[in-house]
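# Tertiary structure, described
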Amino acid sequence: MNGDPTLETIAVRLGLSFLAAFVLGWDREELGHPAGLRTLVLICLSACTAMLLADSLLAQTAGSSGGLSRLDLMRLAQGVLGGIGFIGAGTILKQGNIVRGVTTAATLWLTTVIGLCFGSGAWVIGLAATLSGLATLQALRRLEALLHRRSYGTMTLEFGPDADPAALLAELDTLGLTVKASTLVQGAEGGSLRCIGSHRGEGRAWTLAAVARLRAARAVTKVSWEDLS
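This section reports on the structure supplied with the text.

Rules behind the numbers
Residues numbered from 1 in each chain as written. Predicted model: local features only at pLDDT ≥ 70, side-chain atom pairs only at ≥ 80, totals over all residues. Heavy atoms only, no water. Helix = DSSP H or I, 4+ residues; strand = E, 2+ residues; numbered from the N terminus. Contact = heavy atoms within 4.5 Å. Salt bridge = Lys/Arg side-chain N within 4 Å of Asp/Glu carboxyl O. Pairing = 2+ DSSP bridges. Axes fitted to C-alpha atoms, helices over the stretch in contact; angles between N-to-C directions. Expected span 1.5 Å × (residues − 1). Buried < 20%, exposed > 50% of the residue type's maximum accessible area, 1.4 Å probe, protein only.

### Focus on the environment of Gly119
- Take Gly119: it is sitting in helix α4 (residues 102-119).
- Each C-alpha atom of the pair Gly119 and Val12 lies 9.4 Å from the other, and the pair is 107 residues apart in sequence.
- Residues within four places of Gly119 in sequence aside, it is in contact with Arg13, Cys48, Met51 and Leu52.

So this is what it looks like as structure tokens:
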């Protein structure tokens, strides 16, 4: 913090915040996550603006001798980070025992910190955090895919009155679907079985094979798979 920021300083800090959030937001947008490009850019710009405001207010109170008139800038940063927790919580989705969106929530947190860095003039720290975050999202995602090769989703089966739900669950197990949670609805005219789980292997090939095999099962009238990866 070097005093009241000039227009050039404000433009540079906001510009760097925009570019950093754009890079990280593009990664989330490509994967179709709820907090995408615009969300991350707005969050980073907000954090940067908060620190610019703190810089300006600090310059205005630089000559004050009273404790109450002197700003505690750390409280402002803590308030920004605390507030972002509510937005991050909104990106987390829990279905059965599967929790999705935690990485996106962490990206929101990182983007906020990057905005605080650029807003306070800590260019090197902000740039380093941006590059580290991008490397984590891109490189480690590929590494996770190589290590796990696991896809998550929801399999829904609709069946007639002659179907055996236990046999259908056994068929899902044979196909390699690890069921985390299931919902069974059964009546006199049939019912439905909805299973949330995961499987290993290439997603598209597994889906086509699994749907075709389940569609041929006894009394099954409809099969659908919703990918949650």
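### Considering the pattern of salt bridges
- Per the counting criterion, the structure on display carries one salt bridge.
- A salt bridge links Glu171 to Arg213; the shortest N-O distance between them is 2.4 Å. One end of the pair, Glu171, is in helix α6 (residues 165-174); the other, Arg213, is in helix α7 (residues 203-215), with 42 residues separating them in the sequence.

### Details of the sheet that holds strand β5 (residues 190-200)
- Ordered by their spatial adjacency, four strands build an open sheet running β4-β5-β3-β6, and the pairing between neighbours is antiparallel. The open sheet terminates on both sides in strands that have one partner only, identified here as β4 (178-187) and β6 (220-227). The sheet shows a mean angle of 15° between the axes of neighbouring strands, taken without regard to direction.
- Relative to β5, strand β3 (residues 150-159) is paired through ten bridges, and the arrangement is antiparallel. Paired with Arg150 across the strands is Arg200, a residue of β5.
- The strands that α6 touches are β3, β4, β5 and β6; relative to β5, the one it contacts most, it runs at about 15°.

### Focus on α4
- Between its first and last C-alpha atoms α4 spans 26 Å; for 18 residues at 1.5 Å apiece the expected length is 26 Å, and the two agree.
- Burial in α4 covers these residues: Thr104, Ala105, Thr107, Leu108, Thr111, Thr112, Ile114, Gly115, Leu116, Cys117, Phe118 and Gly119.
- Positioned one or two residues after α4, Gly121 has a phi angle of 90°, which is positive.

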